[in-house]
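Now for the letters of each chain:
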Amino acid sequence: MPSRWATAYLATSEIVETGALAALYQRMILESPPGGTVVSGQATGLRVRSLRTPRTAAVLSLEREFAAGDQDEHSFRTRIEEMTAGSLFAAARGMDRPCGAPLDERACWNAGNS
């Protein structure tokens, strides 16, 4: 699915109704200013649209280092995993883990974006 279609899906009512995306995350994406979101994962082929945050800036920086050949793939993947494990799930799904406890909005923001 091209990135633009996946991005458009983020704005649908169905994505929240089915639990595929938390209402808070959808609202924040829809209310973000132009340039308020970024797409990471270009280097890995696992593209993800996220809000522009300190965490996404760090991820994009790490991806640029990898693309420039400044680190090996194992180190890159280890650092990405350490940096991002669970953060997108918390932000986008509003839960601490699959089938886990729901998070309140502040916890979603903290876990997913800082």
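Residues numbered from 1 in each chain as written. Predicted model: local features only at pLDDT ≥ 70, side-chain atom pairs only at ≥ 80, totals over all residues. Heavy atoms only, no water.

What am I meant to see in the confidence of the model for the protein chain here?
The predicted coordinates ought not to be read in detail in places where the model reports low pLDDT. Residues of the protein chain with pLDDT of at least 70 account for 91%, and the chain-wide mean is 81. Here helix 1 (residues 3–9) stands out as the least confident element of the protein chain, with mean pLDDT 65; helix 4 (residues 54–67) is the most confident, with 90. (pLDDT = per-residue confidence, 0-100. Helix = DSSP H or I, 4+ residues; strand = E, 2+ residues; numbered from the N terminus.)

Please clarify how helix 4 should be interpreted in this entry.
Since the α-helix packs 3.6 residues into each turn, any two residues three or four apart lie on the same face. Here helix 4 contains 14 residues, and its C-alpha end-to-end distance of 20 Å stays within 8% of the 20 Å for a straight helix at 1.5 Å per residue. Every buried residue of helix 4 is listed here: Arg55, Thr56, Val59, Leu60, Leu62 and Glu63. Relative to the axis of helix 4, the buried residues are bounded by an arc of 160° and lie together on one face. Along helix 4, the residues that are exposed and aim more than 90 degrees away from the buried face are Pro54 and Arg64. One or two residues past the end of helix 4 sits Gly69, with phi positive at roughly 80°. (Expected span 1.5 Å × (residues − 1). Buried < 20%, exposed > 50% of the residue type's maximum accessible area, 1.4 Å probe, protein only. Arc of directions from axis to C-beta.)

Would you mind showing me how to read the layout of surface pockets here?
Using a probe with the size of a water molecule, rolled over the atoms, empty space left in the structure can be pinpointed. Size it by volume and the largest pocket reaches roughly 520 Å³. Lining the largest pocket are 25 residues; nearest its centre among them are Ser40, Val48, Ile80, Thr84 and Leu88. Broken down by secondary-structure element, the contributors of at least two residues to the lining of the largest pocket are strand 2 (48–51), helix 4, helix 5 (73–84), helix 6 (87–93) and helix 7 (105–113). If one sorts the elements of the lining of the largest pocket by residue count, helix 5 sits on top with five residues. The residue inventory of the lining of the largest pocket, partitioned by class, reads 10 nonpolar, 11 polar and four charged. (1 Å grid on protein atoms, 1.4 Å probe; cavity = no way out; pocket = protein on both sides within 12 Å on 5 of 7 lines; lining within 4 Å. Points joined across faces, edges and corners; volume = space filled by probe spheres on them. Nonpolar A, V, L, I, M, F, W, Y, C, P; charged D, E, K, R; others polar.)

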